[in-house]
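Single-letter residue listing:
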Amino acid sequence: MNIIISNSSDKPIYEQITIQIKTMVMNGMLKEGDLLPSMRTLAKELRISVITTKRSYEDLEKDGFITTVVGKGSFVKAADTRLVREEKLKEIEELLSRAVSIAQQSNITRQEVEEMIEILYQEEV
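First, a word on what this report is: a plain description of the structure on this page. (Residues numbered from 1 in each chain as written. Predicted model: local features only at pLDDT ≥ 70, side-chain atom pairs only at ≥ 80, totals over all residues. Heavy atoms only, no water.)

Focus on the nonpolar core
Point 1. I3, I17, I21, L30 and Y57 are the most contacted members of the largest nonpolar core, which has 18 residues in total.
Point 2. For this core, the secondary-structure elements that each account for two or more residues are α1 (13-26), α2 (39-46) and α3 (50-62).
Point 3. With five residues, the top contributor of residues to this core is α1.
Point 4. The contacts of Y57, once residues within four sequence positions are left out, are I21, L36, P37, S38, M39, L42, I66 and S74. (Core = buried A, V, L, I, M, F, W, Y, C linked by side-chain atoms within 4.5 Å. Buried < 20%, exposed > 50% of the residue type's maximum accessible area, 1.4 Å probe, protein only. Helix = DSSP H or I, 4+ residues; strand = E, 2+ residues; numbered from the N terminus. Contact = heavy atoms within 4.5 Å.)

Okay, structure coming up:
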């Protein structure tokens, strides 16, 4: 598994791991039933604490992306389309929030932003 940790990120390491694994599941790079590396193995590969990987796996399990079987490991669960949709909506909300902030700082009107969005939607079709 190719996880990249950035020490300059404003997000904690456990969250960076969680986000990257969720993205791999949502993009189909990790499929239902795939075995994740053990917490110890991942910690060793990333040169981080096992406590950090444990936190990531706990969050992934809580959010419904993986299931852990004692003595066997952690496995990717079937993608719940509601969870995937909620994750994508959260991501879009963060991006739009940043865009609105930039627009306000730059004296760009809501109408101009809405026109940009409409143009982008038309280009995608």
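With respect to a nonpolar patch on the surface
Point 1. Judged by side-chain polarity, I92, L96, I117 and Y121 come together as a nonpolar surface patch covering roughly 390 Å² of accessible area.
Point 2. For L96, the location among the structural elements is in helix α4 (residues 81-105). (Patch = residues over 30% accessible without salt bridge, like charges linked within 9 Å, V, L, I, M, F, W, Y side chains within 5 Å. Areas by Shrake-Rupley, 256 points an atom, 1.4 Å probe, with all protein chains shown as cover. Salt bridge = Lys/Arg side-chain N within 4 Å of Asp/Glu carboxyl O.)

Topic: the pattern of salt bridges
Point 1. Taken as a whole, this structure holds seven salt bridges when the rule is applied.
Point 2. The partner of E58 in a salt bridge is K54, with the nearest N and O atoms 2.5 Å apart. With E58 and K54 both in helix α3 and four residues apart, this pair spans about one turn of that helix.
Point 3. One salt bridge connects D59 with R55, and the closest N-O pair in it is separated by 3.7 Å. Here the residue D59 and the residue R55 both occupy positions in helix α3, the gap between them amounting to four residues, near one helical turn.
Point 4. Connected through salt bridges with shared partners, the residues K22, K62 and D63 form a single ionic network.

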